[in-house]
Amino acid sequence: MTMDHTRLLKLLRDVEKSIGMELVSVMKVFDTFEWELEKHIFIEEKAIFTSYNPTNILEGYKMVPELIKQHNDILNRIRVMRKDLLWNKPVKYNEFKEFLVTHKTFEEESLYPKLDQELTIPQKEEIIKKIREIVS
Ligand SMILES: [Fe+2]
Ligand SMILES: [Fe+2]
């Protein structure tokens, strides 16, 4: 999933680079980014977060709703971005990128190491199985 994060940031850079090109081309690049980002969020929420039973309940259960809140925020922002692009309005690109990077860092520093530590091998296999079902 960390590799996925790097790939998503690259796709966002592609969107930035395409700005100024013909609208059809920009939207094509944007569509790819949006599709991949929404898929990533779906996988995290449906295959990963649902399998997580934190040992430190207070800390763990606080983290998941916070991440889901951030996901919803990201999804809203991407909708606004699409509208701005279509209406040829300035896109709040840097603000969006900053938000995305903060979220990604939070997951990479807090969530994924914890999952790696706390999940059993069968639990990890179950998650991988679910992810394969989604991305295959
Ligand atoms: Fe996420
Ligand atoms: Fe993520």
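Below: a short report on this structure. Every chain begins its residue count from 1, and numbering advances along the sequence as written. Working convention: letters from A go to chains and numbers from 1 go to ligands, in the order in which they are written. A pLDDT threshold of at least 70 governs which residues receive local features in this predicted model, and a stricter bar of 80 or more applies before side-chain atom pairs are shown or counted, although totals over entire chains, interfaces and linings include all residues. Each side-chain value is derived from all of the structure's non-hydrogen atoms; neither hydrogens nor water enter the calculation.

## Considerations on the coordination of the iron ion (ligand 1)
Phase 1 of the analysis: Glu44 (OE), His71 (NE2), His103 (NE2) and Glu107 (OE) make up the full set of protein donors to the iron ion (ligand 1), lying at 2.0 to 2.2 Å.
Phase 2 of the analysis: As a rule, N, O and S atoms within 2.8 Å of a metal are its donors, except that Na, K and Ca use 3.2 Å; water is not among the atoms, so sites may look incomplete. All geometry calls rest on donor angles, where a four-donor set with angles between 85 and 135 degrees is tetrahedral, four- and six-donor sets with opposite donors more than 155 degrees apart and all others between 65 and 115 are square planar and octahedral, and all else is irregular. Around the iron ion (ligand 1), the four donor atoms sit at angles spanning 84 to 172°, and that spread fits a shape best called irregular.
Phase 3 of the analysis: Here the donor residues of the iron ion (ligand 1) share one chain and are spaced in sequence as E-x26-H-x31-H-x3-E.
Phase 4 of the analysis: Separating the iron ion (ligand 1) from the iron ion (ligand 2) is a gap of 3.1 Å, bridged by glutamate 44, which donates to each. With glutamate 44 in helix α2 (residues 23-48) and glutamate 107 in helix α4 (residues 93-118), the pair connects residues that are 63 residues apart, well separated along the chain. The two residues glutamate 44 and glutamate 107 agree in class, both being buried. Here a helix means four or more residues in a row that DSSP labels H or I, a strand means two or more in a row labelled E, and each is numbered from the N terminus. A 1.4 Å probe rolled over the protein chains alone gives each residue an accessible area, and that area as a share of the maximum for its type sets the label: buried under 20%, exposed over 50%, partly exposed in between.

## Some thoughts on the coordination of the iron ion (ligand 2)
Phase 1 of the analysis: The protein atoms donating to the iron ion (ligand 2) are His5 (NE2), His40 (NE2), Glu44 (OE) and Glu107 (OE), with metal-donor distances spanning 2.0 to 2.1 Å.
Phase 2 of the analysis: Note that the iron ion (ligand 2) binds four donor atoms; their angles at the metal cover 88 to 179°, and the shape is irregular.
Phase 3 of the analysis: Donor residues binding the iron ion (ligand 2) come from one chain and are separated in sequence as H-x34-H-x3-E-x62-E.

## Description of α4
Phase 1 of the analysis: One fewer than the residue count of a helix, multiplied by 1.5 Å, yields its expected span. Taking 1.5 Å per residue, 26 residues should reach 38 Å; α4 reaches 36 Å between its end C-alpha atoms and fits that length.
Phase 2 of the analysis: By definition, a residue's bend is the angle between the axes fitted to the seven residues ending there and the seven starting there. Bending of α4 peaks at approximately 35° at the position of glutamate 108.
Phase 3 of the analysis: When α4 is considered as a whole, its buried residues turn out to be Tyr93, Phe96, Leu100, His103, Lys104, Glu107, Leu111, Tyr112, Lys114 and Leu115.

Fair warning: the whole summary comes from geometry, so function is off the table for now.
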